Structures are given as structure tokens and as C-alpha cells.
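What follows is the residue order along each chain.
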Amino acid sequence: MTALRLLPGGNPEPGAARSLHALARIRFGPVPLDFDRLAAEFPAVQSGLALAGDADLELRLACTGPEELRAVSTALQRAGAAHVRIDVVLRALVPRPPTLRPVP
């Protein structure tokens, strides 16, 4: 298995703003990818879910921009992922507290 490395120029400065949020849904190749290793090598990896279904792993990403997102996607494929699907997050949906109305 190939070591995971960012492409040249894809390593952002420490403390850089991570305003591009995305979800990466990954189907493993012959060997499962190591989540802990991914998180250690890519600051963009915020969390993940192991799945049963069409994808084996879902990663929540927070990137500094499109270049870092492309670099992470390319590195996942080079590391042995059979399929990588990236969905950009437009906005987070959070339920509001219920509004209590007075009883007439």
C-alpha cells in the first residue's frame, strides 16, 4: 500500500482557515484504509464513520480551499480506495428548539 502524502503545495500553513467543508464517501479497495492514519496525516479530516452499505467509510473534511480538497481526494485514491465520492457541504442543518405556544 502506498503511503499517504499531500501533493506539493497542498500543505496549508498552521492555523489556516478551514472554510470549505465536504464529505468524502469511500469504498475500500483490497485493503481497508486506516482512519487513524488518515486523520494524523491530513488536518482536513475532522471525523469519520464506518459504514455498511454503498460506502465503507465517510470522512467529514474541513479544507482550506479547493486545492487541499483535491489533494486529499487524490491521496485517498492513491492509497488504495476503490471509489471516492466528494460532496461539498453547502450549509449545516441544525434543528431549532421547539417553540412553545400558550394554550388558549
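Residues numbered from 1 in each chain as written. Predicted model: local features only at pLDDT ≥ 70, side-chain atom pairs only at ≥ 80, totals over all residues. Heavy atoms only, no water.

Undergrad: Give a detailed account of the pattern of salt bridges, specifying residues and quantitative values.
TA: Inspection of every chain in the model, using the stated rule, returns four salt bridges. Measuring nitrogen to oxygen at the nearest pair gives 2.7 Å for the salt bridge that ties Glu58 to Arg25. Of the two residues, Glu58 is situated in strand E3 (residues 57-63) and Arg25 in strand E1 (residues 20-27); the sequence distance between them amounts to 33 residues. For Glu58, a relative accessible area of 16% gives the class buried. Take Arg25: its relative accessible area is 27%, and that puts it in the partly exposed class. Across the salt bridge formed by Asp87 and Arg85, the nearest N and O atoms sit 3.2 Å from each other. We classify Asp87 as partly exposed; its relative accessible area is 27%. The exposure class assigned to Arg85 is partly exposed, which follows from its relative accessible area of 45%. (Salt bridge = Lys/Arg side-chain N within 4 Å of Asp/Glu carboxyl O. Helix = DSSP H or I, 4+ residues; strand = E, 2+ residues; numbered from the N terminus. Buried < 20%, exposed > 50% of the residue type's maximum accessible area, 1.4 Å probe, protein only.)

Undergrad: Report on the confidence of the model for the protein, specifying residues and quantitative values.
TA: For the protein, the mean per-residue pLDDT works out to 85, and 85% of the residues sit at or above 70. When the criterion is pLDDT under 50, residues 1-12 qualifies, and its contacts beyond four places in sequence or with other chains add up to 29 contacts. (pLDDT = per-residue confidence, 0-100. Contact = heavy atoms within 4.5 Å.)

Undergrad: Any chance you could break down the sheet that holds E1 for me, citing the residues and the numbers?
TA: In space, the four strands of this open sheet follow the order E2-E3-E1-E4, with antiparallel pairing throughout. Edge positions in the open sheet fall to strand E2 (45-50) and strand E4 (83-88), since each of these has one partner strand only. Averaged over all neighbouring strand pairs, the angle between strand axes comes to 20 degrees, with direction disregarded. (Pairing = 2+ DSSP bridges. Axes fitted to C-alpha atoms, helices over the stretch in contact; angles between N-to-C directions.)

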